[in-house]
Amino acid sequence: MDTSSPSAFVNGALLRRYIGQKVRTVVQVIGSDNGSVVGKSTDDLQIVVRGSSPPSPLTTYLEVIGIAESENAIRAETLTNFGNTFDPQNYNELCKLANGEFKHLFI
């Protein structure tokens, strides 16, 4: 595992804590246009993903790794299709744990 450039696990609400830093999240794709993707975070907030070209064809869920530009936008470095069946509630709980009492267990 490459630990030279760690990324924080975030949902929509946590994104604002990491502006200017590397983050990782999963969004449910709402739409894609002109090199950007609009998605719904695992806590039901809208996130705009710019930068890296989205994979084609897009699946319902997309993992995004990149730099948090604002409280609702990420400049993507890597986009990975996560398929059409994914449990957003479990990922949302992971984000809470990774930023809460178990933060020390995450890079």
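This write-up is about the structure you can find in this document. If you're wondering where the values come from, they're calculated on a predicted model, not measured in any experiment.

Basis of the calculations
Residues numbered from 1 in each chain as written. Predicted model: local features only at pLDDT ≥ 70, side-chain atom pairs only at ≥ 80, totals over all residues. Heavy atoms only, no water. Salt bridge = Lys/Arg side-chain N within 4 Å of Asp/Glu carboxyl O. Helix = DSSP H or I, 4+ residues; strand = E, 2+ residues; numbered from the N terminus. Contact = heavy atoms within 4.5 Å.

1. Examining the pattern of salt bridges
Between side chains of opposite charge, pairing is possible as soon as their charged atoms come close. Inspection of every chain in the model, using the stated rule, returns seven salt bridges. For Glu 63, the salt bridge is made with Arg 24, and the minimal N-O distance between the two is 3.1 Å. A residue pair is termed long-range when its members are at least 10 positions apart, and Glu 63 in strand S5 (residues 61-70) and Arg 24 in strand S2 (residues 22-33) qualify at 39 residues. Each of Arg 50, Glu 69 and Arg 75 takes part in one network of salt bridges that share partners.

2. Quick look at the environment of Val 27
Of note, Val 27 is situated in strand S2. Val 27 sits 31 residues away from Leu 58 along the chain, and the two C-alpha atoms are 12 Å apart. Leaving out residues up to four positions away in the same chain, Val 27 has contacts with Gly 39, Lys 40, Ser 41, Ile 47, Thr 60, Tyr 61, Leu 62 and Val 64.

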